[in-house]
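# Tertiary structure, described
If you want the building blocks of each chain, they are given just below.
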Protein chains: 2
Amino acid sequence: MPVNLKQLAELLGLSQTTVSRALNGYPEVNAETRARVLEAVRETGYRPNRAAQRLATGKAYSIGLVMPIASGIDSDIHFGEFLAGLAEEAVEHDFHFVLNPSAPEDEEATFRRLAASGNVDAVFIAYMRANDPRIEMLKALSIPFVVHGRSIGGPRDYPFLDVDNTGAFYDAARLLIQLGHDRIALINGPEHLTFSIRRKKGLVRALAEKGLKLDDALVHHSAMTDEHGYRSMQRFLKRPDPPTAVLCSSTVLALGAVRAINQAGLAIGTDISLIAHDDVLPMLKPENFSVPLTTTRSSLRGAGARIAKRLIGGILNQGDYPEQELWRAELILRASTGPAPDR
Amino acid sequence: MPVNLKQLAELLGLSQTTVSRALNGYPEVNAETRARVLEAVRETGYRPNRAAQRLATGKAYSIGLVMPIASGIDSDIHFGEFLAGLAEEAVEHDFHFVLNPSAPEDEEATFRRLAASGNVDAVFIAYMRANDPRIEMLKALSIPFVVHGRSIGGPRDYPFLDVDNTGAFYDAARLLIQLGHDRIALINGPEHLTFSIRRKKGLVRALAEKGLKLDDALVHHSAMTDEHGYRSMQRFLKRPDPPTAVLCSSTVLALGAVRAINQAGLAIGTDISLIAHDDVLPMLKPENFSVPLTTTRSSLRGAGARIAKRLIGGILNQGDYPEQELWRAELILRASTGPAPDR
DNA sequence: AATTCCTTCCAAAGCGCTTTGAGTACCTTT
DNA sequence: AAAGGTACTCAAAGCGCTTTGGAAGGAATT
């Protein structure tokens, strides 16, 4: 039987007010009193009743999640991993989720309902597209939110956490170019998603710096499955002028690509170089590939946890977080990259 | 500005009690009065405040989800699909989720914390193993739950929803046997999960009925990815006595298997027959395969929605649901099955 | 000594719902 | 006509927290 505030206050010989204030960090409480309160909390295992807090404060202590159910996105491995990060952090702070599966065409209605219901204090969105309308929607509904990724075009002043995808693939491409590669292929994610757009841009930029141009035939867009990686790579290798290096937008894609390369009898790291973006999926570690993969690394789960932190911090008005974060991916050298082969 | 109960009662010239009772289906309310109340609700758009209900009733109106984060399970496509079903139903009833990512070794502690927190009224679990200890744990904690799947061994009286996996694969195998196949391979899910165990059992039983024995070399267990399907099939086809038919535990596995078959220059439905279990993943429809797949079908999303319904019904004491449900999978004939080839 | 101002604490009023314990009016039964 | 049901409705007491509007006591200022 858990103790409540009243009992705790009685135990301490204080009023509920004082105890509540001590716990919530109000200044008008003697430091010593506060220490006593905290001590009592530890002893009794007191935990404030969330339902009562919700009622008293009007806060929901919940965050809304609009799960996209569109092909190429839904039920995606990467989504699950991100979700785990979000949840890890949320559980820590005793926050709930409201999961809203929604087809793209219902998104606006879903947001509207969510905002009106008062069931959530903030919302999280991802899988940004160019000129993504959701940012404006959420602003109009004036419900706090954080996006994972960034739009391209549209408003610029909104809270996001993104990986510097352009930079990551620029760095990766630059490395390949330095190694003498000039025909670099790209196995990318879905074409309409901004992270794909930016990764391609990074590659283009690195090539341009050396006066090279990206051959559009060497770029494939698809959902990030092993199967698509395999097919893309196969098609690249069948060309009369196959690439000597390839960038993959995910280790999942790389898995397929590697298979196609092996099957073609080519050696990774010598005949052909490969760099993949590593989301740090526990199931698929680049160091465990038969030839360990050079990667640009940025933890998806970490991003999930961070976004939860920001969302929760915002709701509780505690902690001070930047409104926009651009995480730099690390470029980690392993054995899958090497000098371009002679022609 | 949403109306609350007090305002609604005033509007109607009734007391809050009466309105509340009218809404919650208590018998001691005049039918006409109740109709008036419902009409007013419709007009004003009144929605009871969940926080207040939580406080007053002591219910959390939330369900706990312990997300397994073990390899071969976590971030799995099938999990996302199931989750979408759960969420669809939950959102309808304004229920929240508490997502708890947890490694298997922490599961007990996670359950305990969840039960003690009072943050959830019920819990959902899945990915049942043989003699799964979680059933006993949840019973001991006396927190309501529904499991997706069934254990093997251990207590038998617990609430579950499962697909008749034995029956499904028995039916599938029987069809193949009737078509003259006697060497049937199985590309199965992870070995320790009960659905895999039961599917194998279904195959064994069908074979046994005709005096046939399952060749253990023709059974592979793995995480249900396209890649694993491909490799398994490849290995089967390399054998001196390859199977003439194969059962796949998921259309995802089938995707890889089909690829291996095509690559070997074999024709599906004539040289080799294939039946897959279809979880009705929106991304992967068996009718869209180059040769449409014969399948045993049972919607994962549907199961998710059903379990949410039962969980919620149990919490609200409304609706009457069986405590144990065994869904029969449909066997749907398409072009991937045909008579066994002559030797 | 009287006044003002902090600091520290408190009593009590909500937040919006459910539920208990009556109360009223109208029928039946004796 | 009194007693007992029945059908309907209500006032008020919580649920456990936050927060408002003081109040008590001591220190600092006049």
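Another aspect to go through is the interface of chain A and chain B. With 37 residues of chain A at the interface, the matching set in chain B holds 37 residues. Approximately 3,300 Å² of surface area, both sides summed, lies buried where chain A meets chain B, with 63% of it carried by carbon and sulfur atoms. On inspection of chain A and its partner chain B, the count reaches 2 salt bridges. Among the ionic pairs, Arg259 of chain B bridges to Glu227 of chain A, the shortest N-O distance being 2.4 Å.

For the rest of this paragraph, the subject is the protein's contact with DNA strand D. For DNA strand D, the set of nearby residues contains 27 residues, the closest of which are Leu5, Arg21 and Tyr26 of chain A together with Ser15 and Thr17 of chain B. Note that a phosphate oxygen of DNA strand D is positioned 3.0 Å from one of the backbone N or O atoms of Asn49 of chain A. For DNA strand D, a phosphate oxygen lies 2.9 Å from a polar atom in the side chain of Thr33 of chain B. Of all the elements in the fold, those that place two or more residues in the surface near DNA strand D are α2 (16–23) and α4 (50–57) of chain A together with α2 (16–23) and α4 (50–57) of chain B. Taken together, the residues that form the surface near DNA strand D break down as 9 nonpolar, 14 polar and 4 charged.

Let's shift gears to the pattern of salt bridges. Under the defined criterion, the tally for this structure stands at 50 salt bridges over all chains. Across the salt bridge formed by Arg259 of chain A and Asp226 of chain A, the nearest N and O atoms sit 2.9 Å from each other. With a gap of 33 residues between them, Arg259 of chain A in helix α11 (residues 251–263) and Asp226 of chain A in helix α10 (residues 226–238) connect regions that are remote in the sequence. Residue Arg259 of chain A is classed as buried on the basis of its relative accessible area of 10%. Here Asp226 of chain A falls in the buried class, since its relative accessible area comes to 6%. Put simply, Asp171 of chain B and Arg328 of chain B hold a salt bridge, and the shortest N to O gap is 2.9 Å.

Much of the literature gives interface size as the accessible area that the parts lose upon coming together. Residues and elements named next belong to chain A. Along its sequence, chain A is carved into domain 1 (5–48), domain 2 (62–163 + 301–327) and domain 3 (165–299). Between the C-alpha centres of domain 2 and domain 3 the distance comes to 28 Å. In this complex, domain 2 contributes 17 residues to the contact, which on the side of domain 3 involves 17 residues. By the criterion of area lost to domain 3, the three top residues of domain 2 are His78, Ile152 and Val163, representing 36% of everything that side buries. Scanning the region where domain 2 abuts domain 3 turns up 0 salt bridges. Inspection of the domain 2/domain 3 interface yields 8 residue pairs in polar contact (both at pLDDT 80 or more).

This paragraph deals with the protein's contact with DNA strand C. Around DNA strand C sit 27 residues, and of these Ser15 and Thr17 of chain A together with Leu5, Ser20 and Arg21 of chain B come closest. Backbone atoms, meaning sugar and phosphate, form 58% of the atoms of DNA strand C found within 4 Å of the protein. Within the side chain of Thr17 of chain A, an N or O atom sits 2.5 Å from a base nitrogen of DNA strand C. Here a phosphate oxygen of DNA strand C and a side-chain polar atom of Ser20 of chain B are 2.7 Å apart. Put simply, the parts of the chain that give the surface near DNA strand C at least two residues each are α2 and α4 of chain A together with α2 and α4 of chain B. Of the residues assigned to the surface near DNA strand C, the class counts are 9 nonpolar, 14 polar and 4 charged.

There are two copies of the chain, and a rotation about an axis plus a shift along that axis relates them. The two copies are related by a screw motion: chain A maps onto chain B through a turn of 180° and a shift of 0.0 Å along the axis, at an RMSD of 0.1 Å. Both copies are brought into coincidence by an operation consistent with a two-fold rotation axis. Same-surface contact between copies: 100% of interface residues of chain A are shared with the interface of chain B.

In this section: the sheet that holds strand β6 (residues 184–188) of chain A. Residues and elements named next belong to chain A. Pairing is mixed across the open sheet formed by 6 strands, whose spatial order is β7-β6-β8-β9-β10-β12. The open sheet terminates on both sides in strands that have one partner only, identified here as β7 (219–221) and β12 (330–332). Sheet twist, expressed as the average angle between the axes of neighbouring strands with direction ignored, equals 15°. Bridge count between strand β9 (residues 273–278) and strand β10 (residues 294–297): 4 bridges; the pairing is parallel. Paired with Ile275 across the two strands is Thr294, which belongs to β10.

Thresholds, definitions, all that
Residues numbered from 1 in each chain as written. Chains lettered and ligands numbered in written order. Predicted model: local features only at pLDDT ≥ 70, side-chain atom pairs only at ≥ 80, totals over all residues. Heavy atoms only, no water. Contact = heavy atoms within 4.5 Å. Buried area = accessible area lost by both parts, 1.4 Å probe. Salt bridge = Lys/Arg side-chain N within 4 Å of Asp/Glu carboxyl O. Near = heavy atom within 4 Å. Polar contact = N/O pair within 3.5 Å; in protein donor to acceptor, adjacent residues only side chain to side chain. Helix = DSSP H or I, 4+ residues; strand = E, 2+ residues; numbered from the N terminus. Nonpolar A, V, L, I, M, F, W, Y, C, P; charged D, E, K, R; others polar. Buried < 20%, exposed > 50% of the residue type's maximum accessible area, 1.4 Å probe, protein only. Domains from an automatic or database assignment. Least-squares fit on C-alpha atoms with pLDDT ≥ 70 in both. Pairing = 2+ DSSP bridges. Axes fitted to C-alpha atoms, helices over the stretch in contact; angles between N-to-C directions.

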